[in-house]
Amino acid sequence: MYQKNMLAALAAQTGWREWQSFEDDLLQFLLMAIPVVFIYGICIGSFLNVVIIRVPRGESLIKRSSHCMTCGAKIRIIDLIPVFSWLFLKGKCHSCGEKISVRYPIVEALNGILYVADLLIFGVNVNCLLMMIFTSLLICIAFIDWDTMDMYIPMLLMVAALAIPSYFVTYLPLKERIIGIFIISVPFLLIGEISGAYIKKKTGEKVRGIELGDTILMACAGVLLGWKAMIPSAFIGIILAAIFGLIIKKVTGKSKFAFGPYLCMGLLLGAMFGEEITDWYIKMLPQQEHVQYYSAFLMH
Ligand SMILES: [Zn+2]
């Protein structure tokens, strides 16, 4: 029994790509691990709500306990259970009955679900822990950008800083990381500058097609994920932004919206599946000599 559990724990270190051969023991392991990781995820998600609300206002993250936004009533210990308290209170303040935004349980549940996804995809290892931190940072960056149309630079730098431990616990070579910094951020910078100059000439407004924050985000994520993950990330992000941009324009009539949330969704999927997508695409290319040369250059 002990040895079986050890085997399952070993198998779980590899993530879904290597799991086929450990079916039963692994299932047992996952049935234990998934609820634990989910609960851990929604508790961190609860803290992310505080970050998303307070950081743009420049408020302290630790001082003052949480209170109702309307009546100022202190939030009781029993109301602090992520997701479930909101469901239990039916989304209303216990004291004044004012609606509590559905966004709080959504952020909490999202963080919990994505942590479970990270566990299943990356396995039980240090890289998975780094990817969980990356996931939470992306949630904060996305929601703050949605609210304020602005990105908080220290958070972007934290994404880049994850590349240091990541370098020691993954097989992603330095070269792929360095190409990753520039492969999306440079085109984004050029599009931003050119569109900015064009719009200024036409209307006099100081608006860019792609904001500097989005550009820095793609550079910082690039050093963490490498170029192979960045190309699908950017594609997914741009396509999602185009789809939701059209919907937002139709519903609200506004043509200006935050690009960040869609880039964050793209980066999350890119971190999980990006390398596979790029490798698959390179193999699909017609194998002519010059293509082989370039793919050999990029692969090694
Ligand atoms: Zn209240």
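Our subject is the structure listed above.
What counts, and at which threshold
- Along each chain, the written sequence defines residue order, and numbers are assigned to residues from 1.
- Only residues with pLDDT of 70 or above have their local features reported here, since the model is predicted, and side-chain atom pairs are shown and tallied only from 80 upward, although totals for entire chains, interfaces and linings are computed over all residues.
- For the purposes of this entry, the term helix denotes a DSSP run of H or I that reaches at least four residues, the term strand denotes a run of E that reaches at least two, and both are numbered from the N terminus.
- The burial label depends on the number of other C-beta atoms within 10 Å of a residue's C-beta. Counts of 20 or more mean buried, 12 or fewer mean exposed, and intermediate counts mean partly exposed, with C-beta atoms placed from the backbone.
- Joining buried Ala, Val, Leu, Ile, Met, Phe, Trp, Tyr and Cys residues through C-beta atoms within 7 Å gives a set, and that set is a nonpolar core.
- Residue ranges assigned to each domain were obtained from an automatic or database domain assignment.
- Expected span of a helix, by definition, is 1.5 Å for each gap between consecutive residues, and there is one gap fewer than residues.
- Our contact criterion uses C-beta atoms placed from the backbone: two residues qualify when those atoms are within 7 Å.
- Lines fitted to C-alpha atoms define the axes, with helix axes restricted to the stretch in contact, and inter-axis angles between N-to-C directions lie between 0 and 180 degrees.
- Small angles under 35 degrees read as roughly parallel and large ones over 145 as roughly antiparallel, with 65 to 115 read as roughly perpendicular and the rest as oblique.
- Gly counts as polar in this scheme, as do all residues outside two lists: the nonpolar Ala, Val, Leu, Ile, Met, Phe, Trp, Tyr, Cys and Pro, and the charged Asp, Glu, Lys and Arg.
- The crossing is said to be left-handed when, going from far helix to near helix, the turn is anticlockwise and less than a right angle, and right-handed when the turn is clockwise.

(A) Structural context of the overall build of the protein. Helix and strand counts for the protein stand at 13 helices and zero strands. Along its sequence from the N terminus, the protein presents helices and strands in the succession α-α-α-α-α-α-α-α-α-α-α-α-α. Classification of the 300 residues of the protein by burial places 33% in the buried group.

(B) A look at the nonpolar core. Membership of the largest hydrophobic core comes to 58 residues, with the highest contact counts inside it found for Phe134, Leu138, Ile141, Met218 and Ala221. If you list the elements that add at least two residues to this core, you get α2 (23-54), α4 (103-122), α5 (126-148), α6 (153-161), α10 (212-225), α11 (227-252) and α12 (260-284). Top contributing element to this core by residue count: α5, with 13 residues. Built from parts of two domains, this core gets at least three residues from each of domain 1 (1-124) and domain 2 (150-300).

(C) Layout of α11. For α11, spanning 26 residues, the distance from its first C-alpha to its last is 36 Å, which sits close to the expected 38 Å at 1.5 Å a residue. For α11, the complete set of buried residues consists of Trp227, Lys228, Ala229, Met230, Pro232, Ser233, Ala234, Ile236, Gly237 and Ala241. On its buried face, α11 is in contact with α8 (174-183), α10 and α12. Among the residues trailing α11, glycine 253 stands out with phi positive, at a value near 80°.

(D) Structural context of the environment of glutamate 176. Counting through the fold element by element, glutamate 176 comes out in helix α8. For glutamate 176, a count of 21 C-beta atoms within 10 Å translates into the label buried. Distance from glutamate 176 to lysine 228, taken between C-alpha atoms, is 7.5 Å for residues 52 residues apart in sequence. With residues up to four places along the chain from it excluded, the contact list for glutamate 176 reads Gly226, Trp227 and Lys228.

(E) Expanded view of α4. For α4, spanning 20 residues, the distance from its first C-alpha to its last is 27 Å, which sits close to the expected 28 Å at 1.5 Å a residue. Among the residues of α4, Tyr104, Pro105, Val107, Glu108, Leu110, Asn111, Gly112, Leu114, Tyr115, Asp118, Leu119 and Phe122 are the ones counted as buried. Positive phi appears at glycine 123, one or two residues downstream of α4, with a value of about 80°.

(F) Spotlight on the packing of α10 against α12. Interaxial distance between α10 and α12 falls to 11 Å at its minimum, and their mutual angle equals 10°. Judged on the interaxial angle alone, α12 and α10 are roughly parallel. Between α10, through Gly213, Asp214, Leu217, Met218, Ala221 and Leu225, and α12, the contact on the second element is made entirely by Gly260, Leu263, Leu267, Gly270, Ala271 and Gly274. The residue inventory of the contact of α10 with α12, partitioned by class, reads seven nonpolar, four polar and one charged.

(G) Representation of the environment of cysteine 128. Checked against the element boundaries, cysteine 128 lands in helix α5. Using a count of 20 C-beta atoms within 10 Å as the deciding quantity, one classes cysteine 128 as buried. Cysteine 128 sits 10 residues away from aspartate 118 along the chain, and the two C-alpha atoms are 6.3 Å apart.

(H) Expanded view of unusual backbone geometry. Positive phi, close to 55°, is recorded for lysine 90, a residue that is not glycine. Note that lysine 90 resides in the loop between α3 (84-88) and α4. Of note, the phi angle at methionine 149 is positive, near 55°, even though the residue is not glycine. Along the chain, methionine 149 falls in the loop between α5 and α6.

(I) Highlighting the environment of serine 185. Looking at the element boundaries, serine 185 is found in helix α9 (residues 185-203). Owing to 22 C-beta atoms within 10 Å, serine 185 belongs among the buried residues under this scheme. Remark: the alpha-carbon pair of serine 185 and threonine 215, spanning 30 residues in sequence, is separated by 5.0 Å. The residues contacting serine 185, other than those within four sequence positions of it, are Thr215, Met218, Ala219 and Gly222.

(J) Up close: the packing of α11 against α12. Direction vectors running N to C along α11 and α12 enclose 140°, while the axes themselves pass 6 Å from each other. Between α11 and α12, the angle is such that the two are oblique. The element α11 and its partner α12 pack so that their crossing is right-handed. Contact residues: Lys228, Ala229, Met230, Ile231, Pro232, Ser233, Ala234, Ile236, Gly237, Leu240, Ala241 and Phe244 in α11; Tyr262, Leu263, Met265, Gly266, Leu267, Leu269, Gly270, Ala271, Gly274, Glu275, Ile277 and Thr278 in α12. Split into classes, the residues belonging to the contact of α11 with α12 amount to 16 nonpolar, six polar and two charged.

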